[in-house]
Amino acid sequence: MTILNDKQIAELDGDPFPMIEPFERQQVRAINGEPLISYGLSSNGYDARLAGDFKFPTGGVLDPKHPKGTDWHTVEGHSGCLVIPAHGFVLARTVEYFRIPDDVFVICLGKSTYARNGLIVNVTPLEPGWEGHVTLELSNTTNLPSVVYVGEGICQFVFFRGERPAVSYGDRNGKYQNQVGVTLARV
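Residues numbered from 1 in each chain as written. Predicted model: local features only at pLDDT ≥ 70, side-chain atom pairs only at ≥ 80, totals over all residues. Heavy atoms only, no water.

### With respect to the nonpolar core
Filter applied, for reference: Nine residue types can take part in a nonpolar core, namely buried Ala, Val, Leu, Ile, Met, Phe, Trp, Tyr and Cys, and a core is a set of them joined through side-chain atoms within 4.5 Å. Classification of residues uses two cut-offs on accessible area relative to the type maximum, computed with a 1.4 Å probe and protein chains only: under 20% is buried, over 50% is exposed, and between them is partly exposed. The numbering of helices and of strands both runs from the N terminus, where a helix is a DSSP run of H or I of at least 4 residues and a strand a run of E of at least 2. Residues are treated as being in contact if the distance between any of their heavy atoms lies within 4.5 Å.
With 40 residues, the main nonpolar core has Phe 54, Phe 98, Leu 136, Leu 138, Ile 154, Phe 157 and Phe 159 as its most contacted residues. In terms of residue count, the dominant contributor to this core is strand S14 (residues 153-161) (four residues). For Phe 54, the residues in contact, after removing those within four places along its chain, are His 73, Thr 74, Val 75, His 78, Leu 82, Val 90, Leu 91, Ala 92, Val 150 and Val 182.

Structure representation (structure tokens):
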């Protein structure tokens, strides 16, 4: 497998379909002179933005086999910033919608800006042929509240290209295929 650079990622976008939508062809670090946490195409990856949709667990038990045993507070269309309580956890999603080619495998890493504030961004790999908004798991590991910014960079995706196409996630009837919005655990 080969890690794709910015030129290769840009070439994949739109051939034969948009791989990332919306797609920023360069790293955005400020808007109207206001600094922000960067997003867009980077040297060897793509920094995705945080959408304004969130789910907070509020009661019950977090059980992946019995998700209905958990009470969730849903926030949609939030703007500005969101405060995650000390040792808090929230599900979120990317602004971007991804369509992964059958010969590409993607991993996600947290941005160093947030990591230095105790925030862990966890995402399972995006498999060949997977499509949808990426559900993000955000965990505040500190004893203090932590702030995240809607519409700004939250994580970086790194793309690997295989020697040949794999059996795609869609062909395997993956349970998270075509997900839109923040998606809870499915069994």
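On we go from here.
### Brief notes about the pattern of salt bridges
Opposite charge on two side chains lets them pair, provided their charged atoms get close. In plain terms, the rule: Basic side-chain nitrogens of Lys or Arg form a salt bridge, by our definition, when they fall within 4 Å of a carboxyl oxygen of Asp or Glu.
Using the criterion set out here, one finds six salt bridges in the structure. With a closest N to O distance of 2.6 Å, Asp 47 and Lys 111 form a salt bridge. Within this pair, whereas Asp 47 is found in strand S5 (residues 45-49), its partner Lys 111 is found in the loop between strand S10 (104-110) and helix H2 (112-115), the two being separated by 64 residues in sequence. Neither Asp 47 nor Lys 111 differs from the other in exposure class; each is buried. Of the charged contacts in the structure, one is a salt bridge between Asp 53 and Arg 93, with a shortest N-O distance of 2.9 Å. Taken as a pair, Asp 53 in the loop between S5 and strand S6 (54-60) and Arg 93 in strand S9 (residues 89-99) lie far apart in primary sequence, 40 residues in all. Of the two residues, Asp 53 and Arg 93, neither departs from the other in class, the shared state being buried. Salt bridges here are not isolated pairs; linked through shared partners, they connect Glu 21, Arg 99 and Glu 131.

### Regarding the packing of aromatic side chains
Convention followed: In this scheme Phe, Tyr and Trp rings, the latter by its six-membered ring, pair at centre separations within 6.5 Å, and the angle between planes marks the pair as stacked below 30 degrees, edge-to-face above 60, and tilted otherwise.
Applying the stated rule across the entire model yields two aromatic pairs. Between Phe 98 and Phe 157, the aromatic rings sit 4.7 Å apart at their centres with planes inclined by 50 degrees, giving tilted as the arrangement. Here Phe 157 lies in strand S14 and Phe 98 lies in strand S9, a separation of 59 residues in the sequence. The buried category is assigned to Phe 98, whose relative accessible area is 0%.

### As for the side chain of Thr 94
Using the following cut-off: Here a polar contact is recorded for every N or O atom pair within 3.5 Å, except that within protein the pair must consist of a potential hydrogen donor and a potential acceptor, and residues adjacent in sequence are included only if both atoms are side-chain atoms.
Among the secondary structure elements, Thr 94 is positioned in strand S9. By relative accessible area, which is 0% here, Thr 94 ends up buried. For Thr 94, the side chain forms a polar contact with the main-chain oxygen of Glu 96, separated by 2.7 Å. Ignoring anything within four residues of it in the chain, the contact list for Thr 94 reads Ala 48, Arg 49, Ala 51, His 133, Val 134, Leu 136 and Phe 157.

### Quick word on the environment of His 78
Mapped onto the secondary structure, His 78 falls in the loop between strand S7 (70-75) and strand S8 (81-84). Among the residues examined, His 78 registers a relative accessible area of 28% and is labelled partly exposed. Between the C-alpha atoms of His 78 and Leu 144, which are 66 residues apart in sequence, the distance is 22 Å. Those residues in contact with His 78 that sit more than four places away from it in its chain are Gly 52, Phe 54 and Val 150. Reaching out from His 78, the side chain makes a polar contact with the backbone oxygen of Cys 81 at a distance of 2.8 Å.

### Overview of unusual backbone geometry
Going from Glu 21 to Pro 22, the amide bond is cis rather than trans, its omega being 0 degrees. Mapping Pro 22 onto the fold places it in the loop between strand S2 (20-21) and strand S3 (28-31). A positive phi is found at Asn 32, a non-glycine position, where the angle reads about 50 degrees. The phi dihedral of Asn 178 falls on the positive side, at around 65 degrees, and the residue is not glycine. Position of Asn 178 relative to the elements: it lies in the segment after S14. Under the relative-accessibility criterion, Asn 178 is labelled partly exposed at 43%.

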